[in-house]
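Survey of secondary and tertiary structure
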Amino acid sequence: DEINNIRPDKHYGYPYSSYGENYYKSLKEEEKFEFFKTHSDKGFEEPIFSWVPSIAPSQLLVIDRNFSKKWGKTVLLSSLKGRSLFRLSFDKDFNKLITYERIRINKRIRDLIYIPNQKMIILAQENENGSLGIITNQ
């Protein structure tokens, strides 16, 4: 549940450091944290952004200006637990998250496909039968 700018020869802490927790375990006040709550103190790279509690990200997709002049070049992140798309923008070096917009879909989103010439984004939604969602800008 982190966004990292991956670079060669860097370690991002997995599976030792996380700002989140293992949500399948009981975390009573007296229990120790399962993960280190810092990255840099242990020699790992800090994330650009971290979701706590978890949104269960599933796919990150770059959308070009062709889809929407108002959006410009943007990044879409789909989520399972968050049941949303997240529209993100970064600085030019992808070192800092600048904007964050949650677009609620109210379905678990497993996968995204962007079709630029149709100005269409297809969402593979996870439910009992599976379904597709379509976002267009025409």
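It should be noted that the structure appears before, not after, this text.
Throughout what follows, the structure given in this document is the object of discussion. Numbering of residues starts from 1 in each chain and follows the order in which that chain's sequence is written. Since the coordinates come from a predicted model, pLDDT governs what is reported: local features require at least 70, and pairs of side-chain atoms require 80 or more to be given and counted, while whole-chain, interface and lining totals use all residues. Processing note: side-chain calculations cover all non-hydrogen atoms of the structure and skip hydrogens and water entirely.

What follows covers the overall build of the chain. Note on conventions: DSSP H or I runs of at least 4 residues are helices, E runs of at least 2 residues are strands, and numbering of each starts at the N terminus. Counting its secondary structure elements, the chain contains zero helices and nine strands. Mapped in sequence order, the helices and strands of the chain form the string β-β-β-β-β-β-β-β-β. Across its three principal axes, the chain shows a C-alpha extent of roughly 55 × 40 × 25 Å. Taking the intrachain contacts of the chain between residues at least 6 apart in sequence as the baseline, contacts between residues at least 24 apart amount to 41%. Residue-level accessible areas treat just the shown protein chains as cover; the underlying method is Shrake-Rupley with a 1.4 Å probe. In the form shown here, the chain has an accessible surface area of approximately 9,300 Å², with 51% of it arising from carbon and sulfur atoms. Whether two residues are in contact is decided by their heavy atoms, any of which lying within 4.5 Å being enough.

It is worth spelling out the pairing of strand β9 (residues 131–136) at this point. Note on pairing: two strands pair once DSSP finds at least 2 bridges between them. For strand β8 (residues 120–126) and β9, the ladder comprises six bridges, and the chain directions are antiparallel. Looking at β9, one finds that Gln125 is bridged to Ser131. With antiparallel pairing between neighbouring strands as the criterion, β8 and β9 make up a hairpin whose turn holds four residues, including Gly130 at a positive phi of roughly 75°.

Taken together, four strands build an open sheet; the order of strands is β3-β4-β5-β6 and the sheet is antiparallel. At either margin of the open sheet sits one strand with a lone partner, and together these are β3 (57–63) and β6 (97–104). Neighbour-to-neighbour, the strand axes of this sheet turn through a mean angle of 20°, independent of strand direction. Here β3 runs beside strand β4 (residues 74–79); their pairing, made up of six bridges, is antiparallel. Bridge assignment links Leu61 to a residue of β4, and that residue is Leu76. Every angle, taken between N-to-C directions, lies between 0 and 180 degrees, and every axis is a line fitted to C-alpha atoms, over only the stretch in contact when it is a helix.

A separate point is unusual backbone geometry. Omega for the bond connecting Tyr14 with Pro15 falls within 30 degrees of zero, at 0°, which places this linkage in the cis form. By the secondary structure assignment, Pro15 is in the loop between β1 (2–3) and β2 (49–50).

This part covers the nonpolar core. Core analysis: the largest hydrophobic core is formed by ten residues, namely Leu61, Ile63, Phe67, Leu76, Leu85, Ile109, Leu112, Tyr114, Ile121 and Leu123. Among the elements of the structure, β3, β7 (108–115) and β8 are those that each provide at least two residues to this core. In terms of residues, this core owes the most to one element, β7, which gives three residues. Among all residues touching Ile109, those that are not within four sequence positions of it are Ser58, Ser78, Ser79, Leu80, Ser84, Leu85, Leu123 and Ala124. To qualify as a nonpolar core, a set must consist of buried Ala, Val, Leu, Ile, Met, Phe, Trp, Tyr and Cys residues joined through side-chain atoms within 4.5 Å. For every residue, the accessible area (1.4 Å probe, protein chains only) is compared with the maximum for its type, and the residue is labelled buried under 20%, exposed over 50%, or partly exposed between those bounds. With nine residues, the next largest nonpolar core counts Ile3, Ile55, Phe86 and Leu97 among its residues.

By convention, a stacked pair of Phe, Tyr or Trp rings (six-membered ring in the case of Trp) has centres within 6.5 Å and planes under 30 degrees apart, an edge-to-face pair has planes over 60 apart, and any other such pair is tilted. Counted by the stated rule, this structure contains nine aromatic pairs. Judged by centre distance (6.3 Å) and plane angle (15°), the rings of Tyr16 and Phe44 are stacked. Of this pair, Tyr16 sits in the loop between β1 and β2 while Phe44 sits in the loop between β1 and β2, placing them 28 residues apart in sequence. Among the residues examined, Phe44 registers a relative accessible area of 14% and is labelled buried. Plain terms: the ring middles of Phe90 and Phe94 are 5.4 Å apart, the flat faces sit at 35° to each other, and that makes the pair tilted. Taken together through their ring pairs, the aromatic side chains of Phe49, Trp51, Phe86 and Tyr100 make up a single cluster. Its guanidinium or amino end placed over the ring of Phe36, Lys42 lies 4.4 Å from that ring's centre, counting from NZ or CZ. By definition, being over a ring means that NZ of Lys or CZ of Arg is both within 6 Å of the ring centre and within 35 degrees of the ring normal.

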